[in-house]
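An overview of the molecular structure
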Amino acid sequence: MNNEDKDNRPGALDVSIGLLARDGRLLITRRFAHVPLGGLWELPGGKQLPGETAAQCLVREMYEELAIVVEPLAAWTPLEHAYPSGIIRLHPFVCRLLSGQPAPLAAAEMAWIAAGQLADYRFPPATQSLLPEIARWLNCRQSY
C-alpha cells in the first residue's frame, strides 16, 4: 500500500473517481434508483479494495463500470465528506481513454456534459465541492 493513497484516519471509505473528457465534455454516470444516493449523477469510479492503490482502483472500476481502459494522468487532492453512514474519501483522477467505448454497465445511464451544464445535474454532496474545479478544468481542455 502506498502512503499517498491512504492516511491514518480510521473508518473512511476510499473511493477513486475519474475525470474523463472528450471534446470539452465530461463523462458522468447516473446511479441506479435503488442504491444509496439513487438517481444522482456522479463521476465514474468506485471503492478501493484492500491492497489496491487509488490509481489501480480507478483503472479497475472504469473497466468494470464502463468497459473502458483508462490511464490515470494526474491525481487531484483527495477530499473527505461525512455522510450519516460514514466518511467518504474521494480520490479524483484526470484520466485518458486508452481503449473501448464507454457503456453504462453499472449505471442507469451516462452522459457527456459541458462545464456549463454541471449545474443542471444533481450530484452527491461529496462531489459538489469539486464542481467549480471540474468546470475550470473542462474549460481549459478539450480532451485527454
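See above for the structure.
Because the structure is predicted, anything quoted here is derived from the model rather than measured.

Quick notes on the overall build of the protein chain
Along its length, the protein chain carries 3 helices and 9 strands. Starting at the N terminus, the α and β elements of the protein chain follow one another as β-β-β-β-β-α-β-β-β-β-α-α. In terms of overall dimensions, the protein chain is globule-like: its C-alpha atoms have a radius of gyration of 14 Å, near the 15 Å expected for 144 residues. Out of the 144 residues belonging to the protein chain, those deemed buried represent 44%. Long-range pairs, those at least 24 residues apart, make up 69% of the contacts in the protein chain with a sequence separation of at least 6. Element-wise, carbon and sulfur atoms account for 52% of the exposed surface of the protein chain, whose accessible area totals about 7,500 Å². Both charge centroids of the protein chain, one from 13 positive and one from 15 negative side chains, sit 4 Å from each other.

What about the side chain of Glu42?
If you trace the backbone, Glu42 turns up in strand β4 (residues 41-42). When its relative accessible area of 17% is taken as the criterion, Glu42 is described as buried. For Glu42, the side chain forms a polar contact with the side chain of Arg31, separated by 2.9 Å. The contacts of Glu42, once residues within four sequence positions are left out, are Ile28, Thr29, Arg31, Phe123 and Pro124.

Considering a nonpolar patch on the surface
A grouping of Tyr63, Val69 and Leu98 is seen on the molecular surface, where their side chains present a nonpolar patch of about 290 Å² in accessible area. Note on placement: Val69 falls in strand β6 (residues 69-75). Among the residues examined, Val69 registers a relative accessible area of 31% and is labelled partly exposed.

Digging into the nonpolar core
One finds Leu26, Ile28, Leu118, Ile134 and Trp137 to be the most contacted residues of the largest nonpolar core, which totals 26 residues. Every element with two or more residues in this core is listed here: β1 (12-19), β3 (25-30), β7 (79-83), β8 (86-99), β9 (109-114) and α3 (131-140). At 5 residues, α3 tops the list of elements feeding residues into this core. Every residue in contact with Leu118, bar those within four places of it in the chain, is listed here: Leu26, Ile113, Phe123, Leu131, Ile134 and Ala135.

Describing the environment of Ile134
Within the secondary structure layout, Ile134 lies in helix α3. We classify Ile134 as buried; its relative accessible area is 1%. Remark: the alpha-carbon pair of Ile134 and Phe93, spanning 41 residues in sequence, is separated by 11 Å. Ignoring sequence-local partners within four residues, the contact set of Ile134 consists of Leu19, Leu26, Leu43, Trp76 and Leu118.

Observations regarding helix α1 (residues 54-66)
Given a rise of 1.5 Å per residue, 13 residues ought to cover 18 Å, and the 18 Å separating the end C-alpha atoms of α1 matches this to within 8%. Restricting attention to buried positions, one finds in α1 the residues Ala54, Cys57, Leu58, Arg60, Glu61, Met62, Glu65 and Leu66. Residues of α1 that are buried sit in contact with β1, β3, β5 (45-47), β6, β8 and β9.

Side note on the pattern of salt bridges
Applying the stated criterion across every chain, the model contains 8 salt bridges. Where Arg30 meets Glu109, a salt bridge forms, and the shortest distance between an N and an O atom there is 3.4 Å. Of the two residues, Arg30 sits in strand β3 while Glu109 sits in strand β9, which places them 79 residues apart along the sequence. Residue Arg89 pairs with Glu80 through a salt bridge whose shortest N-O separation is 3.0 Å. Sharing partners across several salt bridges, the network here consists of Glu52, Arg60, Glu61 and Glu64.

Analysis parameters
Throughout, a residue's number is its position along its own chain's written sequence, starting from 1. Restriction of local features to residues with pLDDT of at least 70 applies here, the model being predicted, together with a cutoff of 80 or more for giving and counting side-chain atom pairs; totals for whole chains, interfaces and linings are based on all residues. Water and hydrogen atoms play no part in the side-chain values, which are based on all heavy atoms of the structure. Helix and strand definitions here come from DSSP, where helices need a minimum of 4 consecutive H or I residues and strands a minimum of 2 consecutive E residues; each element is numbered from the N-terminal end. Our radius of gyration looks at C-alpha atoms and nothing else; its globule reference is 2.2 Å times the residue count to the power 0.38. A 1.4 Å probe rolled over the protein chains alone gives each residue an accessible area, and that area as a share of the maximum for its type sets the label: buried under 20%, exposed over 50%, partly exposed in between. We call two residues contacting when some pair of their heavy atoms lies within 4.5 Å. Per-residue and other accessible areas were derived by the Shrake-Rupley procedure at a 1.4 Å probe size, with only the shown protein chains allowed to occlude residues. When charges are counted, neither His nor the chain ends are considered; positive counts come from Lys and Arg and negative counts from Asp and Glu. One atom stands in for each charge, and that atom is NZ of Lys, CZ of Arg, CG of Asp or CD of Glu. Here a polar contact is taken to be a pair of N or O atoms separated by no more than 3.5 Å, where protein atoms must pair a possible hydrogen donor with a possible acceptor and residues adjacent in sequence count only if both atoms sit in side chains. Residues forming no salt bridge and having over 30% relative accessible area are the ones grouped into patches, like charges within 9 Å of each other and nonpolar side chains (Val, Leu, Ile, Met, Phe, Trp, Tyr) within 5 Å. One speaks of a salt bridge when a side-chain nitrogen belonging to Lys or Arg is within 4 Å of a carboxyl oxygen belonging to Asp or Glu. What is meant by a nonpolar core is a set of buried Ala, Val, Leu, Ile, Met, Phe, Trp, Tyr and Cys residues, joined one to another through side-chain atoms within 4.5 Å. To estimate how far a helix should reach, multiply one less than its number of residues by 1.5 Å.

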